[in-house]
Amino acid sequence: METWKNLKRIREHSLAKNKNLEAIFITEEIAQRISDEYQVFSVMGKSLLLGVMHFQRMPVWMICINPKSHKKRKYIFESESTFERYFEIIEEDE
C-alpha cells in the first residue's frame, strides 16, 4: 500500500497555501486502486480524468491541500517537474 508523504512548500504556489500538505505519487500500476479508494478522478488509459475535459498524464502527484480537514478533503494534481519546483518531501526523521 502506498503511503502519503508529508510535504513542505519551497516557494509560493497559487493553490497550495497551507503549511500542512500531503502527497502520493500516482503511477499507472496503482492509479485504479487510488481512484477506487479516494474517488476524485477516473483512469482513462495513461491519463487521469480530473474534471470535465481535464486530463492529466501519469505519473502525477496527488497533493492534499487540507489534510487536517474534518470535512471534504481537497486535492490538486501536479506533474513531477512542477512538484519538484514547488514542493519538497519531509523525511520522517526531520
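Before going into details, it helps to say that this report is about the structure given with it. Note that this is a predicted model, so its numbers are computed, not measured.

## Focus on the pattern of salt bridges
Working definition: two side chains of opposite charge can pair if their charged atoms are close together. Per the stated rule, a full pass over the model turns up four salt bridges. When the shortest N-O distance is used, the salt bridge between Lys 46 and Glu 28 registers 3.8 Å. Highlighted residues: Lys 46 in the loop between strand 3 (42–44) and strand 4 (47–51) and Glu 28 in the loop between strand 2 (21–26) and helix 1 (31–38), separated in sequence by 18 residues. The exposure class assigned to Glu 28 is partly exposed, which follows from its relative accessible area of 43%.

## Description of the sheet that holds strand 5 (residues 54–57)
One open sheet holds the three strands; their spatial order is 3-4-5, and the pairing between them is antiparallel. Strand pairing shows two members of the sheet lacking a second neighbour, strand 3 and strand 5, which therefore form its edges. Put simply, the sheet's adjacent strands are angled 35° from each other on average, direction ignored.

## Overview of the sheet that holds strand 7 (residues 75–78)
One open sheet holds the five strands; their spatial order is 7-6-2-1-8, and the pairing between them is antiparallel. At either end of the open sheet lies a strand with only one pairing partner, and these are strand 7 and strand 8 (87–89). Sheet twist, expressed as the average angle between the axes of neighbouring strands with direction ignored, equals 35°. Pairing geometry for strand 1 (residues 5–9) and strand 2, over three bridges, is antiparallel. Its bridge partner lying in strand 2, Leu 7 is registered against Leu 21.

## Observations concerning the pairing of strand 2
Burial runs high along strand 2: five of the six residues are buried. Note that strand 2 and strand 6 (residues 60–64) share five bridges and pair antiparallel. Counterpart to Ala 23 in the pairing with strand 6 is Ile 63.

Conventions used here
- Residues numbered from 1 in each chain as written.
- Predicted model: local features only at pLDDT ≥ 70, side-chain atom pairs only at ≥ 80, totals over all residues.
- Heavy atoms only, no water.
- Salt bridge = Lys/Arg side-chain N within 4 Å of Asp/Glu carboxyl O.
- Helix = DSSP H or I, 4+ residues; strand = E, 2+ residues; numbered from the N terminus.
- Buried < 20%, exposed > 50% of the residue type's maximum accessible area, 1.4 Å probe, protein only.
- Pairing = 2+ DSSP bridges.
- Axes fitted to C-alpha atoms, helices over the stretch in contact; angles between N-to-C directions.

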